[in-house]
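Each chain, letter by letter, is given below.
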Amino acid sequence: MTLSASRTALAASLLLALLALTGCGKDTPADAAPGHGEPGHEEGEDDHDAPESTTITAAMAGQAGIRVAPVVAGTIADEHDVQGLLTPVDGRVAQVTARFPGPIRSLRANVGDRVAAGQVLASIESNLSLTTYTVSAPIAGVVLARQAQVGGVAGEGTPLFEIGDLSTLWVDLHIFGNDTQHITAGVPVTVSRMTDGVSQATTLERVLPGTATASQSTVARATLRNDDGLWRPGAAVKARIVVATTPAAQIVPLSALQSMDGKDVVFVRTADTYTARPVTLGARDATQVEVLSGLTPGEDVVVEQSYVVKADIGKAGASHEH
Ligand SMILES: [Zn+2]
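Residues numbered from 1 in each chain as written. Predicted model: local features only at pLDDT ≥ 70, side-chain atom pairs only at ≥ 80, totals over all residues.

Caption draft 1: Region of the structure containing the overall build of the protein chain. Scanning the protein chain from N- to C-terminus turns up five helices and 22 strands. Counting every position in the protein chain, which comprises 322 residues, the buried fraction comes to 26%. Taking contacts inside the protein chain between residues at least 6 apart in sequence as the whole, the part at least 24 apart equals 70%. (Helix = DSSP H or I, 4+ residues; strand = E, 2+ residues; numbered from the N terminus. Buried ≥ 20, exposed ≤ 12 C-beta atoms within 10 Å, placed from the backbone. Contact = placed C-beta atoms within 7 Å.)

Caption draft 2: Quick peek at the sheet that holds strand β7 (residues 120-125). What the four strands build is an open sheet, ordered β8-β7-β5-β10; its pairing is antiparallel. Both edges of this open sheet fall to β8 (132-136) and β10 (153-154), since each of them pairs with a single strand only. In this structure, β7 lies alongside β8, joined through five bridges in antiparallel fashion. Paired with valine 120 across the bridge in β8 is serine 136. (Pairing = 2+ DSSP bridges.)

Caption draft 3: How the structure looks around the sheet that holds strand β4 (residues 93-97). Spatial strand order, β4-β11-β9-β6: four strands in an open sheet with antiparallel pairing. On the outer flanks of this sheet lie β4 and β6 (114-115), each paired with one strand and no other. Direction of pairing for β6 relative to strand β9 (residues 141-146): antiparallel, over a ladder of two bridges. Directly across from valine 115, in β9, lies its bridge partner glycine 141.

Caption draft 4: Seen up close, the confidence of the model for the protein chain. Summing up the model confidence of the protein chain, the mean pLDDT is 85 and the portion of residues at 70 or higher is 82%. A low-confidence stretch, residues 1-5 (pLDDT under 50), is modelled with zero contacts involving residues beyond four sequence positions or located in other chains. Per-residue pLDDT stays below 50 along residues 20-48; that stretch engages in 35 contacts with residues further than four places along the chain or on separate chains. (pLDDT = per-residue confidence, 0-100.)

Caption draft 5: Region of the structure containing the nonpolar core. By size, the foremost hydrophobic cluster in this structure holds 27 residues, and its most contacted members are Val252, Val266, Phe267, Val301 and Val302. Where this core is concerned, the elements lending two or more residues are α3 (58-64), β16 (236-253), β18 (263-270), β19 (273-278), β21 (288-293), β22 (300-304) and α5 (306-319). By size, the runner-up hydrophobic cluster in this structure holds 18 residues, among which are Val191, Leu204, Val237 and Ala239. (Core = buried A, V, L, I, M, F, W, Y, C linked by C-beta atoms within 7 Å.)

Caption draft 6: Inspection of the environment of valine 71 at higher detail. Take valine 71: it is sitting in the loop between β2 (67-70) and β3 (72-88). Residue valine 71 is classed as buried on the basis of its C-beta count, with 23 C-beta atoms lying within 10 Å. Sequence spacing of valine 71 and threonine 296 is 225 residues, and the spatial spacing of their C-alpha atoms is 7.2 Å. Setting aside residues no more than four positions away along its own chain, valine 71 makes contact with Gln250, Val252, Val291, Leu295, Pro297, Gly298, Glu299 and Val301.

Caption draft 7: View of the pairing of strand β14 (residues 199-207). In this sheet, β14 lies alongside strand β13 (residues 188-193) in antiparallel orientation, the contact comprising five bridges. Residue pairing across strands places valine 191 opposite glutamine 200, the latter belonging to β14. The turn linking β13 back onto β14 is made up of five residues, and glycine 197 within it adopts a positive phi angle of 75°. Note that β14 and strand β15 (residues 218-225) share three bridges and pair antiparallel.

Caption draft 8: Spotlight on unusual backbone geometry. Of note, the phi angle at aspartate 261 is positive, near 50°, even though the residue is not glycine. Among the residues examined, aspartate 261 registers 11 C-beta atoms within 10 Å and is labelled exposed. Positive phi is not limited to glycine here, since alanine 271 has a value of about 50°. Within the secondary structure, alanine 271 sits in the loop between β18 and β19. We classify alanine 271 as exposed; it has 11 C-beta atoms within 10 Å.

Here you go:
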């Protein structure tokens, strides 16, 4: 992010420096191009209209990372950002207990150890038979807790270890208020770790019937794979639930949007000319926005480094004000 931002800034300053060498653009082909319309250009006229287009050669655009894409139809998503908590899956946590009372002779696993099903975890001397018997793991998993000490006396049914199979986890997402009405099982959800931002796509499996008393939220549950073992029970996570997607006749990425003179604009490219086009916007989601008017499908719109184009148009306006 930082690297790409500084690369972007470098590219932008390089472009502006290159454009500065060509002067204010008065004699460039763009100014001669039909329909260019540069109201601020009349000599001696105190005109508040800023110029709304500029010329950038393909080579300069490439250096500055300016990229265009045609206006297309698409979909706008209804997304909800929520928080949640990781928990072990019910039935995937096992208590390891002593079968017969007696002194604990050995404990062979520690918290955090991975153990196989059937692996011996403890040996205990039975007070009944005076022989030593072993206790093994009922399931494969990770030792979540060790509740006994060597030399201590285990009673019948005393918990010795807690083993959890954490290869999959539940993520319980908290949903508030009216959102409960339209977030339903089956919708896609992307869950992200707070620690390192790693995310995983899954599906909402169910919305639990009750309400969490403390938070007064409804819990929606999904299952996560835990292949790297770094999804930890008890950890808080962020999640984005995509409830619905609505078709839109014209969409542009949010990165295309700029504001000029208080209006939302995008930059339309025709040959080497980039023109600011006021647009009326509709619904938006995290990455894109619906354009209700101002564009025609298929027009090439700047979708990357649009602020460089804005800066260049602004610079052209400044140099025309003398
Ligand atoms: Zn919604």
